[in-house]
Amino acid sequence: MRTLLRRLARGLAALLAATVVGAYLLLRASLPPLDGVLEVEGTRSPVTLERDARGTVTVTGDDRAALAYGLGFAHAQDRYFQMDLARRLAAGELSELFGRIALEQDRKARLFRFRRVARAVIAGLAPAERGVLDAYVRGVNEGLASLPSRPWEYWLLRAVPAPWRDLDSVLVVHSMWWQLQYHDFVAEDRRLALTDALSQRLGTERAAAALAFLLPAGSEWDAPAEPGAPVTAAATAPGPDVWTLSAQGPANARAEGARIASGASTAMERRGIGSNNWALAGARTASGSALVANDMHLGLDVPPVWYRARLRTRDGRLDLNGVTLAGVPALVAGSNGRIAWGFTNSYGDWLDLRWTPCDPEANTFRDLQGRDVPFDLDRTRIRIKGAPGERLLIRSGAEGVVFATRRHGGATECQLATWLATAPGATTFGIFALEAAGSVEQALAAAPSVGIPQQNMIVGDRDGHIAWTLLGRIPAATGALRAAGGPFIDPAAQPQIVDPPSGRLWSANARVVGGVAGTLIGDDEVATGVGYDLAARAAQIRDDLAALAAPAVPADMLGIQLDDRAVFLAPWRQLWLDLLDAGALEGQPRRARFRQLIEPPMARADAGSVAYALVRAAESSAVEALWSSVLVAAGLAADAYPPPPQFAATAWQLVATRPANWLPAGFTDWRAWLLAQVDRSIDGLAKTCGTLERCDWGRARPVRITHPLARALPLLGRALDMRAPPLPGDHDMPRVQALAFGASERFAVSPGHEAEGYLELPGGASGHPLSPFYRSGFDDWARGRPTPFLPGPPRHKLTLQ
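Criteria and thresholds
- Residues numbered from 1 in each chain as written.
- Predicted model: local features only at pLDDT ≥ 70, side-chain atom pairs only at ≥ 80, totals over all residues.
- Heavy atoms only, no water.
- Helix = DSSP H or I, 4+ residues; strand = E, 2+ residues; numbered from the N terminus.
- Rg over C-alpha atoms; globule rule 2.2 N^0.38 Å.
- Buried < 20%, exposed > 50% of the residue type's maximum accessible area, 1.4 Å probe, protein only.
- Contact = heavy atoms within 4.5 Å.
- Pairing = 2+ DSSP bridges.
- Axes fitted to C-alpha atoms, helices over the stretch in contact; angles between N-to-C directions.
- Parallel < 35°, antiparallel > 145°, perpendicular 65-115°, else oblique.
- Left-handed = near helix turned anticlockwise from the far one by under 90°.
- Nonpolar A, V, L, I, M, F, W, Y, C, P; charged D, E, K, R; others polar.
- pLDDT = per-residue confidence, 0-100.
- Disulfide = S-S within 2.5 Å.
- 1 Å grid on protein atoms, 1.4 Å probe; cavity = no way out; pocket = protein on both sides within 12 Å on 5 of 7 lines; lining within 4 Å.
- Points joined across faces, edges and corners; volume = space filled by probe spheres on them.
- Core = buried A, V, L, I, M, F, W, Y, C linked by side-chain atoms within 4.5 Å.

**Student:** Describe the overall build of the protein chain, naming the residues involved and giving the relevant values.
**Tutor:** A count of helical and extended segments in the protein chain gives 26 helices and 25 strands. Here the C-alpha radius of gyration of the protein chain, 27 Å, is about what a compact globule of 801 residues would show, namely 28 Å. When its C-alpha atoms are laid out on the principal axes, the protein chain stretches across 80 × 80 × 70 Å. Scored against the burial criterion, the 801 residues of the protein chain give a buried share of 60%. Restricting to contacts in the protein chain with at least 6 residues of sequence separation, those with at least 24 account for 74%.

Shown next as structure tokens:
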């Protein structure tokens, strides 16, 4: 019996070993060839792919189409699965790979029928643009075919990768529209709900006054003049003639307010919002050329969003360096040797929602002229892995697609959505013209034709000029159907700021301009500030730039990008110290320990700082509880949705001035309410860390950068993730860092002086865990060490001919 058991054990061990070896060999087989000569059909002239020690690819060819072919080849070798996910995200086809777990996401995406939109984009391409895109598609499919085995992710999912098509590249652009703007539908829906609720309780005029205070829309150019001053709401808190917080809401509002204030949870994560860019004119730089810095803040994934590349023609006419998006044949941000540019997301009126009466049985809706008109019907089928497909009926009309339905006042209402992303002409490949621009003037001339999700572009040139403009198409229409499309504004009216006297430009997701330019960017969003970030981060960047004494070099820009000084939270720390006096501490050992731990100087959002974690937790508790009290008083659920970013300024103004009519229900004075927030934050921190002493910022807000398939591999999944050390940074400071959100890249460069610049990414070029380029560059990004902007000496060379 023992002999039999030993034989069985040996057999099982051998089988396990064979399985592991087989899996390893299969995984290794999908690594791409990096050296030698490959005979291909997709290019008329030789194209070379050189990779340095970090895996950064340099593509060399005769013309722009040849460079697109080589870039497509490299993208497919290193990132095909990522490209596939992006096109499926926009098209609503993730369920075909992942099954029912992705069905809800696909239902949302299918409403906008991006495949249909992509076909229209392809039909409108200029011949030169079409030639570049066709070459890229050939390169992608031949790069995929060059792999000895299909990409490893498809073996795991038991799927076969579908070939790449031209409209798939458009879908990848649409996936960025989705990532950068779809969440604004949620914000718009919340704004409508709050506006309706307040209007019903207060009347239209009083509701407008309350909203102007709750959601301030101050421009980042109007940020505090004094360095370090707290960013406050633009309007004065409305008096009791407008609103008394504790007097509004349902009969149980006082009990509900008390529950909010005493809850144990603490909101340590706000909605991901971020991106910084700025430029210094040549008069302020050591090189005499403009100096452009950019760190776009996005979700942190494995592999990273961006793909580093250098694209250069043999005759030297074109030499592009920077970041590309796998799936698209263009340089997104970086330098062409004559200009350098970078982006931050623009928040404007790019989409709209409105409720209108409708009759699903009769298939009609009430249009803006008061007529009952029929919907167009579109039936589509979502394929689902391992299950029957699902039929989806999409109702739409000239005034939008049905986004949601509800019963209201005894009748059915449809919520119609319009989104500029689906409008003819909103998505283009005009960015090719930006790649070729030789000056700020030429870049500004190209900007109105660039069809991407609207961005604040800051650009500088070799001669020292700098400018800001809005990149992306701007509708000429105003009102409810603005986001449905139609003609775009005259290119001469595109908002821009050129060579300001200060020699400095910056943007950080707050409102950039007002007046006529602000009206062009949007109407209701500008009025209420929905979508914009608080101006605290922009103000800190402004002060950092102003503090530069000597002519600036790229290293100075990295210092600003890594600035984690706790400027915004400093007034909150003083508020808690003043609050926790002898009377507040009597018989309260936990409060006493809290005060003791925040007494040391709190200079930065350092990962090892306990003081920062505690102050931040108490501030988050106060902001969340105030916002919940506002929702309850408006007649909405206390947890209907989290506070918008701008409300943090309103919350500070309230706790600093403590107007009696804004005291939340359930409390007799502001002091008692503030002490409840300290106690609430202590409860939350105890759940997270055990004791306050152990609750440093790195433990209270860990950073996790995970691969999308890690959960499918419980034993090996962590090997796919980036090993992030505790990282400093937070919202409302230049170094934005959250749980899985932060700088998707960091660079600074002067055009014509690329060898002096740097470019960091939170991960490597390859999406293959056995590649030496899987994690390359991550440590530099995590520790803030500058990675050279230009690729290093080639270690590998692959010739395609």
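Let us keep going from here.
**Student:** Mind laying out the sheet that holds strand β4 (residues 276–280), listing which residues take part and the relevant values?
**Tutor:** Adjacent strands of a sheet pair through backbone hydrogen bonds, lying either parallel or antiparallel. What the five strands build is an open sheet, ordered β21-β4-β5-β23-β24; its pairing is antiparallel. Each having just a single partner strand, β21 (504–507) and β24 (758–760) make up the two edges of the open sheet. The average angle at which neighbouring strand axes cross in this sheet is 5°, direction not considered. With three bridges connecting them, strand β23 (residues 746–749) and β24 associate as antiparallel partners. Residue Arg746 lies in a different strand from β24, and its bridge partner there is Glu760.

**Student:** Explain the side chain of Glu50 residue by residue, including any values.
**Tutor:** Mapped onto the elements of the fold, Glu50 is located in strand β2 (residues 47–51). For Glu50, the contacting residues outside a window of four places in its chain are Thr56, Val57, Thr58, Arg312, Pro794, His796 and Lys797.

**Student:** Give a description of the packing of helix α9 (residues 183–202) against helix α10 (residues 204–214) that names residues and reports values.
**Tutor:** Where α9 meets α10, the closest approach of the two axes is 7 Å, and the angle between their N-to-C directions is 135°. Between α9 and α10, the crossing angle belongs to the class labelled oblique. Between α9 and α10 the crossing geometry is right-handed. Residues Leu194, Thr195, Leu198, Ser199 and Leu202 of α9 form the contact with α10, whose own contacting residues are Thr204, Arg206, Ala207, Ala210, Leu211 and Leu214. Looking at the contact of α9 with α10 residue by residue, the class counts come to seven nonpolar, three polar and one charged.

**Student:** Tell me about the confidence of the model for the protein chain, residues and numbers included.
**Tutor:** Detailed reading of the predicted model is not advised wherever pLDDT is low. With 90% of its residues at a pLDDT of 70 or more, the protein chain has an overall mean of 90. pLDDT under 50 marks residues 219–233. Its contacts with residues more than four places away, or in other chains, come to 44 contacts. Within the model, the stretch residues 524–529 combines pLDDT values under 50 with 24 contacts to residues more than four positions away or in other chains.

**Student:** Requested: an account of the state of the cysteines, with residues and values cited.
**Tutor:** Counting across every chain of the model gives two disulfides. One disulfide in the model links Cys358 with Cys414; its S-S distance is 2.0 Å. Between Cys358 and Cys414, the S-S dihedral sits near 80°, and the bridge is therefore right-handed. Of this pair, Cys358 sits in strand β11 (residues 351–359) while Cys414 sits in strand β17 (residues 411–419), placing them 56 residues apart in sequence. Classification of Cys358 by relative accessible area gives buried; the value is 12%. We classify Cys414 as buried; its relative accessible area is 2%. One disulfide bridge connects Cys689 with Cys695, the sulfur atoms lying 2.0 Å from each other.

**Student:** Please give an account of empty space enclosed by the protein that cites residues and values.
**Tutor:** Using the criterion set out here, one finds eight cavities of 30 Å³ or more in the structure. Roughly 330 Å³ of internal volume is contained in the largest cavity. Looking at the largest cavity, it is lined by 21 residues, and the ones nearest its centre are Met176, Trp306, Val332, Ile452 and Pro453. Of all the secondary-structure elements, those providing two or more residues to the lining of the largest cavity are α8 (166–181) and β10 (339–345).

**Student:** Account for the nonpolar core, with residues named and values stated.
**Tutor:** Leu49, Phe112, Phe114, Trp306, Trp341 and Trp419 are the most contacted members of the largest nonpolar core, which has 149 residues in total. A per-element tally of this core places helix α2 (residues 64–91) first, with 16 residues. Val610, Tyr612, Ala625 and Ala700 belong to the second-largest nonpolar core, a separate cluster that totals 73 residues.

**Student:** Could you give an account of the packing of α8 against α9, naming the residues involved and the relevant values?
**Tutor:** At a minimum axis distance of 5 Å, the contact between α8 and α9 shows a crossing angle of 35°. Facing Gln179, Leu180 and Gln181 of α8, the residues of α9 in contact are His183, Asp184 and Phe185. Here the contact of α8 with α9 is composed, by residue class, of two nonpolar, three polar and one charged.

**Student:** Pulling in residues and values, what's your account of the pairing of strand β3 (residues 57–61)?
**Tutor:** Across the five residues that make up β3, a large majority, five, are buried. Neither face of β3 is left uncovered, since the one carrying Val57, Val59 and Gly61 and the one carrying Thr58 and Thr60 both have all their residues buried. The turn linking β2 back onto β3 is made up of five residues, and Gly55 within it adopts a positive phi angle of 90°. Note: β3 against strand β7 (residues 306–313), five bridges, orientation parallel. When the bridges of β7 are listed, Gly61 appears paired with Thr313.

**Student:** Run through the sheet that holds strand β1 (residues 36–38), naming residues and quoting values.
**Tutor:** The mixed open sheet is built from 11 strands, whose spatial order is β1-β25-β2-β3-β7-β8-β9-β10-β18-β19-β20. Only two strands of the sheet have a single partner each, and these edge strands are β1 and β20 (496–498). Geometrically, the sheet is characterised by an average inter-axis angle of 25° between neighbouring strands, direction not taken into account. Pairing analysis gives seven bridges linking β7 to strand β8 (residues 319–325), with the strands arranged antiparallel. Counted as the bridge partner of Arg308 is Val323 from β8. Along the sheet face, α2 touches β1, β2, β3, β7, β8 and β25 (796–800) and points at about 150° away from the line of β7.

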